[in-house]
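Chain residues, written in single-letter form:
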Amino acid sequence: MAPGPRRGSACEQAFYDGISGCWQPSGVSTTAEDIRTKIKDYKIPFDSHFPNQNETRNCWLNYLDFHHCEKAMTTSEGGDVSMCEWYQRVYKSLCPVSWVSAWDDGRAEGAFPGKI
């Protein structure tokens, strides 16, 4: 049987192509709602790059990573900024609000010291 037009996941495509026995790992869900739920409940893991209690550099790098990701996703066609939420959650939980607001003000004024 000739393959049909592309439809949905690989298993759906296999079904439409008449191939039986499509393997899909059990317990793995990739729907957007499931991913959002996992991100929402995610705790910041231990990062071996920052073994000490001082999390200043970790805070700074996650702030930059979020804005790098956000910039990259908005410039790409159909970019989904929700992919960058993890970085935002990390820096918001690590960084003092006063730092974040000062950095946001600096970005708005064009006087931000980091490269984004």
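Computed from a prediction, not measured in an experiment: that's the story for all the values here.

What follows deals with the pattern of salt bridges. A full pass over the atoms with the stated rule returns 2 salt bridges. Its salt-bridge partner being Arg-107, residue Asp-104 comes within 3.3 Å of it at the nearest N-O pair. Taken together, the residues span about one helical turn, with Asp-104 and Arg-107 both in helix 5 (residues 97-109) at a distance of 3 residues. With relative accessibility at 29%, the residue Asp-104 sits in the partly exposed group.

Before going further, it helps to examine the packing of helix 3 (residues 56-75) against helix 4 (residues 85-94). Running from N to C, helix 3 and helix 4 point in directions that differ by 150°, and their axes come no closer than 8 Å. Between helix 3 and helix 4, the crossing angle belongs to the class labelled roughly antiparallel. Pair helix 3 / helix 4 crosses with left-handed handedness. Of the residues in helix 4, those in contact with Asn-58, Cys-59, Asn-62, Tyr-63, Asp-65, Phe-66, His-67 and Cys-69 of helix 3 are Trp-86, Tyr-87, Gln-88, Val-90, Tyr-91 and Leu-94.

Under the defined criterion, the tally for this structure stands at 2 disulfides. Shown here is the disulfide that connects Cys-59 with Cys-95, its sulfur atoms set 1.8 Å apart. Taking the sign of the torsion about the S-S bond as the criterion, the disulfide between Cys-59 and Cys-95, at about 125°, is right-handed. Of this pair, Cys-59 sits in helix 3 while Cys-95 is found in the loop between helix 4 and helix 5, placing the two residues 36 residues apart along the sequence. Summarising the burial analysis for this pair, Cys-59 and Cys-95 share the class buried. Bridging Cys-69 to Cys-84, the disulfide has an S-S length of 2.0 Å.

Turning our eyes to something else, we now look at the nonpolar core. Residues Cys-59, Tyr-63, Leu-64, Phe-66, Cys-69, Cys-84, Tyr-91, Cys-95, Val-100, Trp-103 and Phe-112 constitute the largest nonpolar core, which totals 11 residues. Contributions of two or more residues to this core are made by helix 3 and helix 5. Looking at which element gives the most residues to this core, the answer is helix 3, with 5 residues. Leave out the neighbours within four places in its chain, and Phe-66 touches Cys-84, Tyr-87, Gln-88 and Tyr-91.

The rules we used
- Residues numbered from 1 in each chain as written.
- Predicted model: local features only at pLDDT ≥ 70, side-chain atom pairs only at ≥ 80, totals over all residues.
- Heavy atoms only, no water.
- Salt bridge = Lys/Arg side-chain N within 4 Å of Asp/Glu carboxyl O.
- Helix = DSSP H or I, 4+ residues; strand = E, 2+ residues; numbered from the N terminus.
- Buried < 20%, exposed > 50% of the residue type's maximum accessible area, 1.4 Å probe, protein only.
- Axes fitted to C-alpha atoms, helices over the stretch in contact; angles between N-to-C directions.
- Parallel < 35°, antiparallel > 145°, perpendicular 65-115°, else oblique.
- Left-handed = near helix turned anticlockwise from the far one by under 90°.
- Contact = heavy atoms within 4.5 Å.
- Disulfide = S-S within 2.5 Å.
- Core = buried A, V, L, I, M, F, W, Y, C linked by side-chain atoms within 4.5 Å.

By themselves, these observations are geometric and do not establish any function.
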